[in-house]
Amino acid sequence: MRAVDLINKKRTGLRHEPGEIASLVDGYLRNIIPDYQMSAWLMAVCWRGLDAVETAELTRALVESGQQLAFRDLAMPVVDKHSTGGVGDKTTLVLVPMLAAAGCVVAKMSGRGLGHTGGTIDKLEAIPGVNTELGISDFAAAVRTRGIAVSAQSPDLAPGDGRLYALRDVTGTVESIPLIASSVMSKKIATGARAVVLDVKVGSGAFMKTLEGARNLSRAMVDLGLAAGLAVVAVITAMDQPLGMAVGNILEVQEAVATLRGGGSSDLLELCVILGAEVMVASGAALTITEARTRLEATISSGDAHRCLRDLVASLGGSPDAIDHPETLPTAPWQTPVVAHQDGVVARIDALAIGEVAMRLGAGRATKGALIDPAVGVVLSVRAGDRVHAGQSVGVVHSRKPLGSTDRLVSEVIGAFTWSATDIVREPLVLEVIR
Ligand code: URA
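Residues numbered from 1 in each chain as written. Predicted model: local features only at pLDDT ≥ 70, side-chain atom pairs only at ≥ 80, totals over all residues. Heavy atoms only, no water.

**Student:** Can you help me understand empty space enclosed by the protein in this one?
**Tutor:** A probe matching the size of a water molecule, rolled over the atoms, marks out where space remains unfilled. The tally for this structure, following the rule as stated, stands at three cavities of 30 Å³ or more. Counted as a void, the largest cavity has a volume near 140 Å³. Elements represented by at least two residues in the lining of the largest cavity include exactly α6 (120-125), α11 (249-260) and α16 (351-361). When residues of the lining of the largest cavity are assigned to their parent elements, the largest contribution, three residues, is made by α16. Each residue belonging to the lining of the largest cavity can be placed in one class, and the counts come to seven nonpolar, twelve polar and five charged. When residues are assigned to domains, the lining of the largest cavity turns out to be shared by domain 2 (78-324) and domain 3 (330-420), each giving three or more. (1 Å grid on protein atoms, 1.4 Å probe; cavity = no way out; pocket = protein on both sides within 12 Å on 5 of 7 lines; lining within 4 Å. Points joined across faces, edges and corners; volume = space filled by probe spheres on them. Helix = DSSP H or I, 4+ residues; strand = E, 2+ residues; numbered from the N terminus. Nonpolar A, V, L, I, M, F, W, Y, C, P; charged D, E, K, R; others polar. Domains from an automatic or database assignment.)

Now the structure itself:
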């Protein structure tokens, strides 16, 4: 069938026959089908959707567009985690070393931040000397020999997704559940883990703004994983407020290290324990959630998880000193306190607004490939539910240029706060688990 017939078929809401999506993807990757036809088909998918069988065929085509890693010969279960992206989301920096210290092998390819959301690779590369572009063979060797590997996404794994994602990014076709699910899961399947935990964020700072959307995306990703023989569990978590206190690359590394040392944010640690326990049970590394939680918590009190992060950073070319003494990492030259104008209880701190301030300070990129400033960002000092007095500092803006207390960015941080006259019940962090 010609590409135009496949576009028309999807535009009019018909199902594709087996093999049609695979031939479309194949034609596109071999440059027989041009960008404009692929874009038209992607837009038709955004409006008409794909059913489970079509989504599975698209995922398979993306996986088969490149190499596939497999670690079936390893005695220990290989696990992976993925977050759909949020503000202040430094879970990988905390959870990956916790899982490795608890006896799992971790194989994790990560992305860079785009827009108001951060990315693990930017956070790791904020540590001087770190190089995350491992390449597929060094990544596989690190999984096998060290039991822990974090790398930037390899262009050799699911390269078809790289091509399609770049096209979706500039044609307004990112926000489609089957397209997101196949994009994420093709990379997870190609990376070769036995079990994956998906942290599906929902709220103002996330891709998914509604619980129903997050549920549908979770279900689609879990089903794709199961069809490919992976154990997958999706944890739907709130992203109405930043996770933890710090937003900005070095600031988040510092918070992650504090958390691994038993300090830091209790929300962040609790989320890592929940995600870690789910993937340990899914992979067979632990029999029960209670056993997994106990083992994960012990990696913090023993210092083993902190040591694992230090070893990981050293293996990527960074100085272990950065993890032993994170306060020596470069800081932004200007720190401006953000002051509450009123007495009250913090009802909410809008994640999207804080993420956008951090991005405009230089912590994130508005366009792919833009340079970021590793030292800038926002550190909050209060959480929802805290009682605050007028004049009290509720956070600090770390900037490259001097800011006055009336600067627009500082005002936008305080504008992200919603206030209540009375005590509030804090929203739960975990909304649902889909297994
Ligand atoms: N992240 C991905 O990897 N793919 C998408 O389509 C969206 C977010």
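Picking up where we left off.
**Student:** Teacher, can you tell me more about the layout of surface pockets here?
**Tutor:** Roughly 450 Å³ of internal volume is contained in the second largest pocket. Secondary-structure elements contributing two or more residues to the lining of the second largest pocket are α4 (52-63) and α10 (211-227). Sorting elements by how many residues they give to the lining of the second largest pocket places α4 first, with four residues. Here the lining of the second largest pocket is built from residues that sort into 14 nonpolar, four polar and four charged.

**Student:** Would you mind going over the packing of helix α5 (residues 91-101) against α11 with me for this structure?
**Tutor:** At a minimum axis separation of 9 Å, α5 and α11 run at an interaxial angle of 35 degrees. Between α5 and α11 the crossing geometry is right-handed. Residues Leu-93, Val-94, Pro-97 and Met-98 of α5 form the contact with α11, whose own contacting residues are Val-253, Ala-256, Thr-259 and Leu-260. Split by residue class, the contact of α5 with α11 holds seven nonpolar, one polar and no charged. (Axes fitted to C-alpha atoms, helices over the stretch in contact; angles between N-to-C directions. Left-handed = near helix turned anticlockwise from the far one by under 90°. Contact = heavy atoms within 4.5 Å.)

By themselves, these figures tell us nothing about what the structure is for.
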